[in-house]
Amino acid sequence: MPAKTYLITGASSGIGAQFARSYARRGINLILVARRLDRLEALAAELRVAHDIEITCLDADLSDRAQVNGLLTRIKEMNLRPDGLINNAGYSLAHTFAATTAKQQLDFIEVCVAAPTLLARELLDHMLAQGFGRIINVSSMVAFSPGASGHTLYPAAKAYMLKFSRSLAAEVAGRGVKVTALCPGSTESEFQHSNGMDAVLKTHPARFVQTAEAVVEAAIRANEAGREVIVTGWTNKLAVFLMTYMPDGLITPLIRWGARKYQIEE
Ligand SMILES: NC(=O)c1ccc[n+]([C@@H]2O[C@H](COP(=O)([O-])OP(=O)(O)OC[C@H]3O[C@@H](n4cnc5c(N)ncnc54)[C@H](OP(=O)(O)O)[C@@H]3O)[C@@H](O)[C@H]2O)c1
């Protein structure tokens, strides 16, 4: 059987880079996507030495719809036909809604909602035609949260990724394509650096932080097993259970009290 090829967005750091490492170990060829091409090339060089696989690195700013379409065109022109898609690229806007511009908000929606949708749409046909496909959409445990001040669009975008994954999984069930929403909690990565939360986390360190490797290995196992949703780590599972089943009048104030220190006020 020829080797499979998976496309991973946001592979230049954190969870995406770990997806590259974990799939490389499994002999999967890779298409790595992010803005920082130098990071992708360095990771690819390391993985090519360790594993006998083909890796293509493509730079694209996923907040720019033209670049997402350009990425799809480049993939086609290179005769690459991804058998798997890991929609991982993402970040959060830590400030309040009023303190972020409309451009920042729409860019966020392009990266975290529109680009994953467009990539899944355009890459799905090949997966369905050949009767094999793997899609992992990186959501978050906050997809289950009632929302809190700061990071305003983040739970909404991650809830979209969760619901989109579940509906798509239902549609393609039995056709060889497995779709999973990955819902991690705090995970070691550059996430808190890219959203400017470094200083906040120095005073209020996040608890129950998982390694990217633990998160990604759980995600791959769940996807292979055909599970639609994976919440990683027992503390996150407990939190999701409480957010789902506790009365709203109890869980909402609790979440908002806990989250108040993890926003940037102005
Ligand atoms: N870390 C956590 O605690 C946590 C928890 C739950 C869910 N998540 C989710 O996990 C995913 C990965 O985040 P991470 O924690 O690994 O953070 P990270 O280390 O900051 O990685 C984010 C990745 O997204 C890429 N990216 C950001 N904006 C982009 C853009 N405009 N165009 C293309 N690529 C872009 C970055 O690449 P470039 O900068 O090179 O473009 C980078 O590779 C995200 O969807 C995040 O929401 C993270």
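Residues numbered from 1 in each chain as written. Predicted model: local features only at pLDDT ≥ 70, side-chain atom pairs only at ≥ 80, totals over all residues. Heavy atoms only, no water.

The name recorded for the chain in an unreviewed UniProt entry is Ketoreductase domain-containing protein, from Asticcacaulis taihuensis. In UniProt, the chain has this text filed under Sequence similarities (unreviewed entry): "Belongs to the short-chain dehydrogenases/reductases (SDR) family." (UniProt positions renumbered as here; feature names shortened; annotations may be inferred.)

1. Digging into the sheet that holds strand 3 (residues 55-59)
Taken in spatial order, the seven strands of this open sheet run 3-2-1-4-5-6-7, and their pairing is parallel. Looking at which strands have only one partner, the edges of the open sheet turn out to be strand 3 and strand 7 (229-231). Adjacent strand axes in the sheet meet at a mean angle of 15° when their direction is disregarded. The pairing of strand 1 (residues 5-9) with strand 4 (residues 84-87) spans three bridges and is classified as parallel. Looking at strand 4, one finds that Ile8 is bridged to Ile86. Packing against the sheet, helix 2 (residues 37-50) makes contact with strand 2 (29-34) and strand 3, and its axis sits at approximately 175° to strand 3. (Pairing = 2+ DSSP bridges. Helix = DSSP H or I, 4+ residues; strand = E, 2+ residues; numbered from the N terminus. Axes fitted to C-alpha atoms, helices over the stretch in contact; angles between N-to-C directions. Contact = heavy atoms within 4.5 Å.)

2. Comments concerning the packing of helix 4 (residues 102-130) against helix 5 (residues 154-172)
It is at 10 Å that the axes of helix 4 and helix 5 come closest, and there the two elements cross at 10°. The orientation of helix 4 with respect to helix 5, classified from their angle, is roughly parallel. For the element pair helix 4 and helix 5, the recorded crossing hand is right-handed. Every residue of helix 5 that contacts helix 4 at Phe108, Cys112, Val113, Pro116, Thr117, Ala120, Leu124 and Leu128 is listed here: Tyr154, Ala157, Tyr160, Met161, Phe164, Leu168 and Val172. Here the residues of the contact of helix 4 with helix 5 sort into 14 nonpolar, one polar and no charged. (Parallel < 35°, antiparallel > 145°, perpendicular 65-115°, else oblique. Left-handed = near helix turned anticlockwise from the far one by under 90°. Nonpolar A, V, L, I, M, F, W, Y, C, P; charged D, E, K, R; others polar.)

3. Considerations on the UniProt feature "domain: Ketoreductase" (unreviewed entry) in the chain
The sites that carry the UniProt feature "domain: Ketoreductase" (unreviewed entry) are, in the present numbering, residues 4-185. In this annotation, residues 4-185 is assigned 48% helix and 18% strand; the end-to-end C-alpha distance for the span is 29 Å.

4. Some points on helix 5
With 19 residues, helix 5 extends 27 Å between its outermost C-alpha atoms, agreeing within 8% with the 27 Å of an ideal straight helix rising 1.5 Å per residue. Turning to helix 5, its buried residues are Tyr154, Pro155, Ala157, Lys158, Met161, Leu162, Phe164, Ser165, Leu168, Ala169 and Val172. Contacts from the buried residues of helix 5 go to strand 4, helix 4, strand 5 (133-138), strand 6 (177-183), helix 6 (191-194) and strand 7. Phi turns positive, to about 80°, at Gly174, one or two residues after helix 5. (Expected span 1.5 Å × (residues − 1). Buried < 20%, exposed > 50% of the residue type's maximum accessible area, 1.4 Å probe, protein only.)

5. So, the pairing of strand 1
Counting buried residues in strand 1 gives five out of five residues, a clear majority hidden from the surface. Because side chains alternate across strand 1, one face comprises the buried residues Thr5, Leu7 and Thr9, and the other comprises Tyr6 and Ile8, equally buried. The pairing of strand 1 with strand 2 spans five bridges and is classified as parallel. By the bridge assignment, Leu7 is partnered in strand 2 with Ile31. Handedness of the β-α-β unit built from strand 1, helix 1 (residues 14-25) and strand 2 comes out right-handed. (Right-handed = clockwise from strand over helix to strand, strands pointing away.)

6. Some points on the packing of helix 3 (residues 65-77) against helix 4
Running from N to C, helix 3 and helix 4 point in directions that differ by 25°, and their axes come no closer than 11 Å. Taken as axis vectors, helix 3 and helix 4 run roughly parallel relative to one another. The crossing of helix 3 and helix 4 is right-handed. For the pair formed by helix 3 and helix 4, the contact residues are Arg65, Val68, Asn69, Leu71 and Leu72 on the first element and Glu110, Ala114, Ala115, Leu118, Leu119, Glu122 and Leu123 on the second.

7. A word on the site of the ligand
The ligand sits among 31 residues. The nearest are Ser12, Ser13, Arg35, Tyr154 and Ser189. At 2.9 Å from a nitrogen atom of the ligand is found a side-chain nitrogen or oxygen belonging to Asp61. In isolation the ligand exposes 880 Å². Once the protein is present, 96% of that is buried. Elements with a contribution of two residues or more to the shell around the ligand: helix 1, helix 5 and helix 6. (Near = heavy atom within 4 Å. Polar contact = N/O pair within 3.5 Å; in protein donor to acceptor, adjacent residues only side chain to side chain. Areas by Shrake-Rupley, 256 points an atom, 1.4 Å probe, with all protein chains shown as cover.)

8. Here we look at the side chain of Thr56
On the secondary structure map, Thr56 appears in strand 3. Excluding anything up to four places from it in sequence, Thr56 contacts Leu30, Ile31, Leu32, Met78 and Leu80.

9. Thoughts on a nonpolar patch on the surface
A contiguous nonpolar surface patch, about 610 Å² in accessible area, is contributed by Trp234, Leu238, Phe241, Leu242 and Tyr245. Counting through the fold element by element, Leu238 comes out in helix 9 (residues 234-245). (Patch = residues over 30% accessible without salt bridge, like charges linked within 9 Å, V, L, I, M, F, W, Y side chains within 5 Å. Salt bridge = Lys/Arg side-chain N within 4 Å of Asp/Glu carboxyl O.)

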